[in-house]
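Understanding the architecture of this molecule
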Amino acid sequence: MANFILIGLCIIAGILFRKSKTLAKDAHKGINAWIIYIALPAASFKYLPHITWTKELLFPALAPICVWLFGWLFVSLYTRQQKLSRATSGGLKLVSALSNTSFLGFPLIAAYFNEKDQAIAIICDQVTFMLLSTIGIVVAIRSSQNQKLSAGLVVKKVLTFPPLIGCVLALTIPHLINITPLTPLFEKLAATVGPLALFSIGLQLKFGGWFGELKHIGFALLYKLILAPLVVLAIAVLLNLNGIITKITIFEMAMPTLVTAGVVADQYNLNSKLSNLVVGVGIVLCFVTTGLWWLLLTYSGLV
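**Concerning the overall build of the protein chain**
When you go through the protein chain residue by residue, the secondary structure sums to 14 helices and zero strands. In sequence order, the protein chain lays out its α and β elements as α-α-α-α-α-α-α-α-α-α-α-α-α-α. For the protein chain, whose C-alpha radius of gyration is 18 Å, the value lies close to the compact-globule estimate of 19 Å for 303 residues. Here the C-alpha coordinates of the protein chain stretch approximately 55 × 50 × 45 Å along the principal axes.

**Considerations on the nonpolar core**
Counting residues in each nonpolar core, the largest one holds 99 residues, and the members touching the most others are Leu94 and Ile250. Top contributing element to this core by residue count: helix α6 (residues 118–143), with 14 residues. Residue contacts for leucine 94: discarding those within four places in its chain leaves Trp68, Leu132, Gly136, Ala140, Thr257, Ala261, Val264, Ala265 and Leu270.

**As for the packing of aromatic side chains**
For the structure shown, the criterion picks out nine aromatic pairs. Where phenylalanine 74 meets phenylalanine 219, the ring centres are 4.8 Å apart and the plane angle is 15°; that geometry is what we call stacked. Within this pair, whereas phenylalanine 74 is found in helix α3 (residues 58–82), its partner phenylalanine 219 is found in helix α11 (residues 214–238), the two being separated by 145 residues in sequence. Overall, phenylalanine 74 belongs to the partly exposed group, its relative accessible area being 27%. Grouped by ring-pair contacts, the aromatic residues Tyr112, Phe113, Phe251, Trp294 and Tyr299 constitute a single cluster.

**Section: the confidence of the model for the protein chain**
Per-chain confidence: the protein chain averages 86 in pLDDT, with 95% of residues scoring 70 or above. For the protein chain, helix α7 (residues 151–159) is the element with the lowest average pLDDT, namely 73, and helix α12 (residues 244–253) is the one with the highest, namely 96.

**Quick notes on the environment of threonine 246**
Along the chain, threonine 246 falls in helix α12. Distance in space between the C-alpha atoms of threonine 246 and leucine 92 is 27 Å, their sequence separation being 154 residues. Those residues in contact with threonine 246 that lie beyond four places of it in its chain are Phe59, Ala236, Leu241 and Val303.

**A short note on helix α10 (residues 193–204)**
With 12 residues, α10 should cover 16 Å at 1.5 Å per step; its first-to-last C-alpha distance of 16 Å lies within 8% of that length. When you tally the buried positions in α10, you get nine out of 12 residues, the bulk of the element. All buried positions along α10 are accounted for by Val193, Gly194, Ala197, Leu198, Phe199, Ser200, Ile201, Gly202 and Leu203.

**Thoughts on the packing of helix α2 (residues 27–47) against α6**
Put simply, α2 and α6 touch, their axes get as near as 10 Å, and they point 135° apart. Judged by the inter-axis angle, α2 sits oblique to α6. Both α2 and α6 take part in a crossing whose hand is left-handed. In contact with Leu40, Ala43, Ser44 and Tyr47 of α2, α6 contributes Gln118, Ala119, Ile122, Asp125, Gln126 and Phe129. For the contact of α2 with α6, a count of residues per class yields six nonpolar, three polar and one charged.

**Some points on a nonpolar patch on the surface**
A cluster of nonpolar side chains, namely Leu58, Leu62, Ile65 and Leu69, defines an oily patch on the protein surface of about 360 Å² accessible area. Looking at the secondary structure, you find isoleucine 65 in helix α3.

**Here we look at the state of the cysteines**
Tallied over the entire structure, the rule returns zero disulfides. With no disulfide of its own, cysteine 66 lies 11 Å from the sulfur of cysteine 124, the closest cysteine sulfur. The class for cysteine 66 is partly exposed, based on a relative accessible area of 24%.

**Some thoughts on unusual backbone geometry**
Even without a glycine there, the phi angle at lysine 83 is positive, about 55°. Mapped onto the fold, lysine 83 is located in the loop between α3 and α4 (86–97). For lysine 83, a relative accessible area of 75% puts it in the exposed group. With phi around 60°, asparagine 240 is a residue other than glycine that occupies positive phi space. Tracing the backbone through its elements, the reader meets asparagine 240 in the loop between α11 and α12.

**Comments concerning helix α9 (residues 183–190)**
Turning to α9, its buried residues number three or more, namely Phe186, Leu189 and Ala190. Within α9, the buried residues cover an arc of 95° as seen down the axis, which keeps them to one side. Against α2 and α10 lie the buried residues of α9.

What counts and what doesn't
Residues numbered from 1 in each chain as written. Predicted model: local features only at pLDDT ≥ 70, side-chain atom pairs only at ≥ 80, totals over all residues. Heavy atoms only, no water. Helix = DSSP H or I, 4+ residues; strand = E, 2+ residues; numbered from the N terminus. Rg over C-alpha atoms; globule rule 2.2 N^0.38 Å. Core = buried A, V, L, I, M, F, W, Y, C linked by side-chain atoms within 4.5 Å. Buried < 20%, exposed > 50% of the residue type's maximum accessible area, 1.4 Å probe, protein only. Contact = heavy atoms within 4.5 Å. Phe/Tyr/Trp six-rings, centres within 6.5 Å; stacked < 30°, edge-to-face > 60°. pLDDT = per-residue confidence, 0-100. Expected span 1.5 Å × (residues − 1). Axes fitted to C-alpha atoms, helices over the stretch in contact; angles between N-to-C directions. Parallel < 35°, antiparallel > 145°, perpendicular 65-115°, else oblique. Left-handed = near helix turned anticlockwise from the far one by under 90°. Nonpolar A, V, L, I, M, F, W, Y, C, P; charged D, E, K, R; others polar. Patch = residues over 30% accessible without salt bridge, like charges linked within 9 Å, V, L, I, M, F, W, Y side chains within 5 Å. Areas by Shrake-Rupley, 256 points an atom, 1.4 Å probe, with all protein chains shown as cover. Salt bridge = Lys/Arg side-chain N within 4 Å of Asp/Glu carboxyl O. Disulfide = S-S within 2.5 Å. Arc of directions from axis to C-beta.

Laid out in C-alpha cells, this is it:
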C-alpha cells in the first residue's frame, strides 16, 4: 500500500508543480537527464551483477521484440484502413509498441511483486531502449518529412545511450575488479529512479483535446495495455513457461507507453498531440489495467 501511495503522490506532485508554474517549463528534461545518465546505469550496477543467467532470461529479452513486431503490424493495418498520414502512423507505432519498463515498471513491480524482481525488469528495459534507439529512430526518421535516414546517426544513438553503456559495464566490470564497496552508492542512486521518474511524468501529463482523438487513443491503448501483454502471455502458455521471470515479463509488457517514445514523436513532428495524449491517458488507465493483470498472473494458474 505504501508503494501505491508513493506512486500517486509523486505523480500528483508533478502535476501540481506544473500547474503552479513553480518550475521551469522544461524542468522535466533535467530530471530525465539524471534518470538516464545516472540513476538507470546505477540500477544496472545494483542488480545485473547478481543475476544468475539462465536460458529462462531469454524470455524477458525477447518479449519486447515480440510486442514491437505485433504492434508494428497492428498499427500498419489500422493506419492503412483509416488512411492516416505517414506522420500519424509513425507516431502511433512509437507509442503503441514500446513499454514504460522503467519509469513506471520499476515502481509498480516493487508495489505488486518484490523490489528484487526489478533485476528481471532491467533486461526488458534495456531491450526496450535498444528498440527505441534503433528501429524506433528509423521509424521516426522515415515518418518525418524533415529528416533523412543515416546509418551513422542510428549507430551513434545506440552506442552513446547511457543506460545501455551502464548495462554493458555492469556485466563486465565486476568480473575484472571488486566493486562491492560501491554497492551502497549504487543502491542510493538507483533508489531515485522511481520517485523522480513519476514526478517527471506528472510534470509532462497533458490531457487537453483528448476527445477529438479518442478513436486513435483507444486503438493505441487497446494494444498497449491489453493485447500486447496478452500476446506475450499466449507465447508463454504455448512454450509452457512459468515462474516469477515469466510473470514479471508479462507484467512489464502490460505497462503503458514509454515516455521517451512520446518525446521522440514530438522531436520528429509525428502528430505530437496524439502521441502525448496516448502517453498521458495510458498512464492513468494503467493503474487499473496493471492491477487486473496482476490478479490474472497471480491467481489464474496460467503461468
